[in-house]
Amino acid sequence: MSRRNALTALGLAALFGSSAALGACSKDDDPSARRDRVKNGAEIYSSMCASCHGPQGEGGRAPALRDLKTPEPELVAFVSERMPLGKAGTCTGDCAADVVAYILATFKGPLVCEAPKPVARGLRLLTRREYRNTVADLLGGTGSPSAPCGTTTFVYDPGATPRKSVHVAGSFNGWPQTVAGGGWPLAFGGGKWSLTRALPPGRSTYKLVLDDSQWIADPANPKTEPDGFGGVNSVVDVACSAGGAGGAADPTAAFPPDTRPEGFPFDDHGAGRVITSAHMDELFRAAASLARSADLSKIVRCDVKSGGEACLSELVSGFGARAFRRPLTTAERDRYAKLGRGQGDADKGARAVVQAMLASSSFLYRSEIGELQADGTYRLTPHEIASALSYSLWATTPDEELARAADSGELARPEGVERQARRLLASPRAREVIGVFAEQWLGAENVKSVEKSEQVYPGFDAPLRESMLAETRALAASAFFDTRRGADLFDASYTYVDERLAKHYGLPGVSGADLRKLNYPDGNRAGVLGHGSVLATTGHSDQTSPIRRGLFVRRRLLCQEFPPPPPNAGGVPKVDPGATTRERFAQHTQNPFCKSCHQYIDGVGFGFEAFDGVGRFRASEGGKPVDSVGDMNDVEGFGKGTHARFTSLAELGKTLAESDAAKACLVTQYYRFARGRLEDSACTVDAIKRRYLEKSGDPQEIILGVVLAPDFTVRR
Amino acid sequence: MSMNRRALLRFFASSAMTLPFAGLLARSSEAGVPTQTAKRFVVFYFPDGVPEPGPGGGKWHPSGSDTSFTLGENLQPLAPFASRCAFLKGLSMGPTDAGSHPGGAKKLLTGVDGGGGESIDRYLARTVGAGAPYKHLYLGAMAAQNSASGDKFVSYPSAGTTAAPEDNPVQAFARLFGGATPGGGGAPAVDPTQVSVVDTALADLNDLRARLGDAERAKLDLHLEGLRDVERRVKGLGGQALPSCDQSLASLAQVDTGKLYEAAEFPDVLRAQIDVMVQAMACGLTKVGVIQASQHTSELIMSRFAGTPLYKPGFDMRSHQASHYGQSSDPKFADYVAQRTWFVSQFAYLLDQLAQRPEGAGTMLDNSIVLLCTEVGEGNTHTHDQMPFVLAGRAGGSLRTGRVFDFGYRRHSDLLVTIANAMGDGLTSFGQASAGGLPGVLA
């Protein structure tokens, strides 16, 4: 069952109260019949329910079922009509009665979790981010290895010959014969023809076409390759992201996007990340392009041109061990030495070695295969542990010290792992990665692309969006590394803004493009709740969305799931100048069917109404005062009865900062991020959660809890 | 059968019983193959279903008899091609998981709930499409936004595994035609260094596969398939010469690669992708391709398409949002209908491009089979019955076109079988609840 389908929403049960009489269980007065029901229910539960609700009813993808207070007949009716989600109607009558009897009889009292089971051994394909960081570290320098970055300028000197037109035709525009056919025309000025254009990343080939008829290689470009007809094409390599000037070098620009399973907001979920044919094509090209332009003196100390066999061997063993994140086997050393030798030219041979290593499965996947132990599990090798630590904490390949710790066996011991983990945590690179965690956890990364109506929100441009994202990253880094207080994520009375964002928020006294820490002058905003990145991504293009904002709090901050709306839910109510957003959305909480879910969602979202769809404060909407009193029932989980009312985001922030559900959810979300997978059940993160609470809510303890847990280094 | 085909083939490959079983497969595979077959298969997918079926078929399904019929409003753009289309009624995707936009997308081309099987396009890429330089081409327009969840994609390289389409037509074009020159043609050059690099990568991969045993086998199978494709190209396609063809593509100049995900640019991007697909097929670079326009539950603001009937400045109407105005009683029903018609007009453009290229005694369209599809039937209610499928192209003469076929109630898995048969592959079943090719569709 997919995450989005996961639901129990016991509140829904109220809806079926009227039909509950049909499922009456009073015939179970007989204790032995009751025992049979429970026994039978146990089997049903383990086959139909446990995968989402947890084997002990501890909750997982679906809510916890422990200590339920809902009346039994209502539960039976609910199971009959709604469960299992997506296959409703497959457990009715005795099935529903039995499983409810089991749940009520068994899931009582505090939960006792066993140590999490190891996950399957396997391979984790580098994400685009990890690939980018890794090749930058391996090849030395983060700059583009290829010459032009962003835009390319074509210049043609016609000498004394007048031309009617000069255009560029190449692999990027379809080799058009004429300007009218789509050729990119050069403009004449100062005695020369010229044109500046953004080119797609990767290698392009082109020619210049004079007067729509005469094809020539670009005389100003020395890089050429045979055109297959005895002539040459000009060649240009672009290692920048698409979009042109100012773009950072990005060897992964042409890679397919890192897709994620439905409802999973983080990169690098194992099973779905695969190399298909189109992907392999790009990986192969990227390896070729990186190897072609690599500065070999940065990756091997000897001079490959004069160093002979010894230098080739040093390249193979030394660069190989860094690229593969482990020493090479003898067979691999021989294979690569042979490849290098076979090119007839030392430089060409070295580049072939680098290319093949960057195209190798040993480079492209992080190995989590391990070695078989006496107990039948597999323990990760010290080198695999080094990679797991480094990619989790730094999103890149192990540095020299970590590689040494693997070589020396330090990482075979838990205290060695802890020493290295703490060292990595102390680096600015760990801060950056926590920024990435926050972007993905909160969905803040989508602020870069969320559609906004120009008419309603003029000036919501790319630089402002970037500033918003930077704000969220900075607050997360502060909570994890400066204040070391996880609660700051929800209730911080400060933020980080540059001049652009400060103006947008109406905060005075900030100038320049650098982020500045600033205390809010009023109590309107708090933590990430008041961030433009969150408020804008949870809004529609032309209005706010109390629904999305309520769901944001439930799903992202409290880890409480809801099913997708029913097909006939209808669209978003139309913008109406005569009514506030709150008034227009009120129908959800009036219609009883809608109410079964929306009673958990809308009341929370309404509490955000003092902020518009791009995160600006507003006291009124369309001339009417905004009502931003919020209301949140069952804060700590469905059926728990905890209730909060708030009149500002600061109050909501305070509620969340103190909420056990929010604390547990932060732990759960970080686990998902670092491990690239969903937890099996609430028990998977139980020990980490307790560590976090015992250490007074220091979020570094979450990170340490995840990477020092026994199941981090063991596989099955 | 409980094993999917890929697993089954692997089983045969490792089995001592290879020969007799293989013979069995070959015999059964001749069953549905017509004497003339299509040379290529293109899928054109658009999101979020079609309007409710109404009296006489609503806006989509044709009304009238099998051979004398009237196209619904949505299909009007296909009027010039009606004699080269087969209009299919009564096809159902059967029950599937809740929230059935994703459920439909997963099942659409796989025929299996939850995307639990290889999709028909990938299957055909591996079988009849295997000789082409690129076995499969998957192009999208705003189909793979950043961090798009995998369930948005319709093409499944293996059970449970999706892969993102290429959303950038300039990049797609550069990848396909990057090394070529004006006029094209001839066998590709072979660089011995690249040959030894790919051999090294293959040796590493085989070591890893051996080390892992059964773990991660599906992942590494796909990887190996991808690397073998690179190998074939690097090694010059066995000296196979490609047809000489016109490689210029004017529509690429309309695409601003910095704005691939802006709704206003969508029509230009989609058109360019259609052009790239047709060009790649005309130049013999691929035989099987999928064009995915947007993604299910699409946030595409179609009212920003300047120069189309959908254009309404200052008014945001999204595809998915519109689909819930899919009942004729709704005042905004017309927006939804118009959006669907626009998607069909893009499909018509694809057909037109194929029809404009002569091939043999006819055109490329005559030798193709092209599928128009979306992941749900009625957009508003997410039904998976009365799926709005249209087949186009004459499939080399084997597809009986200019007709309406009404199957009453038949599972769409059989449509996938029929497509395979039209491509010369003798599948007899594909996906779930498959009972063989659709009767009467192939001559």
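Residues numbered from 1 in each chain as written. Chains lettered and ligands numbered in written order. Predicted model: local features only at pLDDT ≥ 70, side-chain atom pairs only at ≥ 80, totals over all residues. Heavy atoms only, no water.

(A) View of the overall build of chain A. Tallying secondary structure elements over chain A gives 27 helices and 20 strands in all. Within chain A, the proportion of its 716 residues that are buried is 57%. Residue pairs at least 24 apart in sequence account for 68% of intrachain contacts in chain A once pairs closer than 6 positions are excluded. Of the roughly 28,100 Å² of accessible surface on chain A, a fraction of 52% belongs to carbon and sulfur atoms. (Helix = DSSP H or I, 4+ residues; strand = E, 2+ residues; numbered from the N terminus. Buried < 20%, exposed > 50% of the residue type's maximum accessible area, 1.4 Å probe, protein only. Contact = heavy atoms within 4.5 Å. Areas by Shrake-Rupley, 256 points an atom, 1.4 Å probe, with all protein chains shown as cover.)

(B) Structural detail: the interface of chain A and chain B. Contact with chain A, which involves 77 residues of that partner, is made by 78 residues of chain B. When the shortest N-O distance is used, the salt bridge between R175 of chain B and E282 of chain A registers 2.4 Å. Inspection of the chain A/chain B interface yields 17 residue pairs in polar contact (both at pLDDT 80 or more). If you list the elements that add at least two residues to the side of chain A that touches chain B, you get strand 1 (122–125), helix 7 (277–293), helix 9 (330–341), helix 10 (346–358) and helix 11 (361–364) of chain A. No other element matches the seven residues that helix 7 of chain A contributes to the side of chain A that touches chain B. The residue makeup of the side of chain A that touches chain B, split by class, is 32 nonpolar, 27 polar and 18 charged. (Salt bridge = Lys/Arg side-chain N within 4 Å of Asp/Glu carboxyl O. Polar contact = N/O pair within 3.5 Å; in protein donor to acceptor, adjacent residues only side chain to side chain. Nonpolar A, V, L, I, M, F, W, Y, C, P; charged D, E, K, R; others polar.)

(C) How the structure looks around the sheet that holds strand 10 (residues 390–392) of chain B. Residues and elements named next belong to chain B. The strand order across the open sheet built from seven strands is 5-6-1-9-10-4-11, with neighbouring strands paired in mixed fashion. Two strands lie at the open edges of the sheet, namely strand 5 (137–141) and strand 11 (403–411), each paired on one side alone. Each adjacent strand pair in this sheet contributes to an overall mean axis angle of 20°, direction not counted. Across six bridges, strand 1 (residues 40–45) lies against strand 9 (residues 368–373) in parallel orientation. Along strand 9, the bridge assignment pairs V42 with V370. (Pairing = 2+ DSSP bridges. Axes fitted to C-alpha atoms, helices over the stretch in contact; angles between N-to-C directions.)

(D) Structural view of the sheet that holds strand 13 (residues 378–379) of chain A. Residue and element names in this part refer to chain A. The strand order 12-13-20 describes an open sheet built from three strands, whose pairing is antiparallel. Either end of the sheet is taken by a strand with one partner, and the two such strands are strand 12 (371–372) and strand 20 (714–715). As paired strands, strand 12 and strand 13 are joined by two bridges and run antiparallel to one another. Residue pairing across strands places E371 opposite R379, the latter belonging to strand 13.

(E) Up close: the packing of helix 13 (residues 400–407) of chain A against helix 14 (residues 414–425) of chain A. Residue and element names in this part refer to chain A. Between helix 13 and helix 14, the shortest axis-to-axis distance is 11 Å and the interhelical angle comes to 175°. When the axes of helix 13 and helix 14 are compared, the pair comes out roughly antiparallel. Mapping the contact onto sequence places E401, L402 and A405 in helix 13 and R419, Q420, R423 and L424 in helix 14. Split into classes, the residues belonging to the contact of helix 13 with helix 14 amount to three nonpolar, one polar and three charged. (Parallel < 35°, antiparallel > 145°, perpendicular 65-115°, else oblique.)

(F) Examining helix 13 of chain A more closely. Residues and elements named next belong to chain A. Within helix 13, burial applies to L402, A405 and A406. Buried residues of helix 13, viewed axially, fall in a sector of 100°; they line one side. Exposed and facing more than 90 degrees away from the buried side of helix 13 are E400, R404 and D407. Where helix 13 is buried, its residues contact helix 12 (382–394) and helix 14. At the C-terminal side of helix 13, G409 shows a positive phi close to 90°. (Arc of directions from axis to C-beta.)

(G) Highlighting the packing of helix 25 (residues 660–675) of chain A against helix 26 (residues 686–694) of chain A. All names here are of chain A. Contact pair helix 25 / helix 26: the axes reach a minimum separation of 9 Å and the direction vectors enclose 125°. When the axes of helix 25 and helix 26 are compared, the pair comes out oblique. The element helix 25 and its partner helix 26 pack so that their crossing is right-handed. Together, K663, A664, L666, V667 and Y671 of helix 25 and I688, K689, Y692 and L693 of helix 26 make up the contact between the two elements. By residue class, the composition of the contact of helix 25 with helix 26 is seven nonpolar, no polar and two charged. (Left-handed = near helix turned anticlockwise from the far one by under 90°.)

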